[in-house]
Amino acid sequence: MTTPADIRVQRAYLYVSIIGVALIGLGFVGFLRLIPPPAPTASAQQIAAHFLMAPSSRRLGVLLLLAGTVLSLPVYLVLLDYFRRIEGGRTPLAQLYILTLAVSTIGTWMCGFLWSALAFRPEQSRAAMQILNDAAWIAATFPWFAIPQFIAMGLCSFRDVAEKYFPRWFGWLNIWIAFVAVGGSLVIFFKDGAFAWNGILGFYLPLLAGVPWFVAVLWYLFKALRTDEQELLQGVRTEGARA
Amino acid sequence: MPELAAPARAGRPVRHVPGEPGMWIFIFGDMTVFAVLFGVYLEARARQSAVFFRSAGHLSTTVGAIDTLLLLSSSLLVARAVRLMGRRRGDPAARPLLTAALWCGAGFVALKVTEWSGHLAQGFDPLTDFFWRYYYILTGIHLFHVLVGMAVLGYLRTQARLPSLSRGERRLVEGGGCYWHMVDLLWVVLFALLYLAR
């Protein structure tokens, strides 16, 4: 049975996630200085120079990136709760969503650890640093766990037939992002051009598509929590939201 | 005497968005991605026009034209079928139209695979030069959309069996048809960019 305290905690989760995403941005852009991303064609010396010119700043950037990743996770739990409510029963789509989300989060962790290794030991070989950097960027941009995650989210949203929590267009937005992510698969083939990890299709378009998606997620989750809170106050059951 | 309901206003068309409004986020979003791809291709071609035009000479305009004819025909068949399925009572003629559209799609896929095999056998792979890289990527991403579209047509075909469709089902059918038309439109642009612009 949902209580007002549950809703307050979930609302706090959303605020914490906003802070998490802000920390990710600060770490990635402000301290790691990885926007624009270094070109895959950059030499080992150039990669090393980028990380060793300000090693403390890069290490702090990694810390913020990893801390931000942890703090950004709770919003996905709130999404999971609503997807389970929408589906009811065995919740197959919600399970697929949370599993693929968990695995794709590993990609963020991996690139954080790899970049921290780059800044950790200045005397290591430049070739080793280049390989670590390659692995980090491929982990950051290769999308294959994100694709089923977004498809599951889209299909879950469609199951909210009454559109109590999510409008139909939000489901379509998720499906579209899954399609956009397919192009990111090509990052392992190309070192330059639109499909490389610093290219418009490998990096910028998926990143830009994520912005309206995250804003929409927060908007509709805050709205859903308000709806459930009002229903609780009126003594209406909030379980079994499936129409 | 009970008050009669006010008559509907004459002369004002009823607004109807084919499919559903949210679906157009997906369709326009996808078209935006392709627009970016086309822009990237044109920019690369402008920088290396000699390489592009030399390599594009190896493509068969006839094969491209047949591909275009297949997709345009399938679009016409799908449009007819969706119209029939939109009627209050479903029309059994819709199902064979969708079957024929599926065969056109299958023909496109078979022709594309054959075309690629021919190019690869001649030694033209994605790493040969920039033209071939973009050729395989653009036609490959489009082919992925065609395959998804064929799955959508398959779903439409199952819906064509029903004696009548609910409003929601009709919207899905229209949306599926719109997706297939988008796939067709994208191919027309690709045909012009890759096969005709020399």
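In this text the structure is predicted, and so the values were computed from the model without any measurement. (Residues numbered from 1 in each chain as written. Chains lettered and ligands numbered in written order. Predicted model: local features only at pLDDT ≥ 70, side-chain atom pairs only at ≥ 80, totals over all residues. Heavy atoms only, no water.)

Once that is clear, we can look at the overall build of chain A. From N to C terminus, chain A includes 9 helices and 0 strands. For chain A, the sequential pattern of α-helices and β-strands runs α-α-α-α-α-α-α-α-α. The 243 residues of chain A split such that 49% are buried. Pairs at least 24 residues apart make up 78% of the contacts formed inside chain A by residues separated by at least 6 positions. Considering chain A, the positive charge centre built from 18 side chains and the negative charge centre built from 12 side chains are found 4 Å apart. (Helix = DSSP H or I, 4+ residues; strand = E, 2+ residues; numbered from the N terminus. Buried < 20%, exposed > 50% of the residue type's maximum accessible area, 1.4 Å probe, protein only. Contact = heavy atoms within 4.5 Å. Lys, Arg positive; Asp, Glu negative; His and termini not counted. Charge placed at Lys NZ, Arg CZ, Asp CG, Glu CD.)

Turning next to the nonpolar core. Residues and elements named next belong to chain A. The biggest cluster of nonpolar side chains holds 106 residues, and the ones touching the most others in it are Phe-166, Phe-195 and Trp-213. Once you skip the residues sitting within four places of it in the chain, Phe-166 turns out to touch Leu-79, Tyr-82, Phe-83, Ile-86, Ser-157, Asp-160, Tyr-220 and Leu-221. Formed by 20 residues, the second largest nonpolar core is a distinct cluster that contains Phe-28, Leu-65, Leu-118 and Val-187. (Core = buried A, V, L, I, M, F, W, Y, C linked by side-chain atoms within 4.5 Å.)

Once that is clear, we can look at the side chain of Ser-157 of chain A. Residues and elements named next belong to chain A. Within the secondary structure layout, Ser-157 lies in helix 7 (residues 146-158). Ser-157 sits in the buried class, given a relative accessible area of 1%. Those residues in contact with Ser-157, other than ones at most four positions away along the chain, are Phe-83, Phe-166, Phe-170, Gly-171 and Asn-174.

Take the interface of chain B and chain A next. In this complex, chain B contributes 21 residues to the contact, which on the side of chain A involves 17 residues. Of the roughly 1700 Å² buried at the junction of chain B and chain A (both faces included), carbon and sulfur atoms supply 82%. Looking at the side of chain B facing chain A, the largest losses of area belong to Ile-25, Phe-26 and Arg-133 of chain B, adding up to 28% of the total buried there. Here chain B and chain A share 2 salt bridges between them. (Buried area = accessible area lost by both parts, 1.4 Å probe. Salt bridge = Lys/Arg side-chain N within 4 Å of Asp/Glu carboxyl O.)

All right, on to the environment of Thr-68 of chain B then. All names here are of chain B. Of note, Thr-68 is situated in helix 3 (residues 61-85). Between the C-alpha atom of Thr-68 and that of Asp-184, which follows or precedes it by 116 residues, the distance is 7.9 Å. Aside from chain neighbours lying at most four places away, what touches Thr-68 is Trp-187, Val-188 and Phe-191. Within the local environment of Thr-68, its side chain forms a polar contact with the side chain of Trp-187, the two groups lying 2.9 Å apart. (Polar contact = N/O pair within 3.5 Å; in protein donor to acceptor, adjacent residues only side chain to side chain.)

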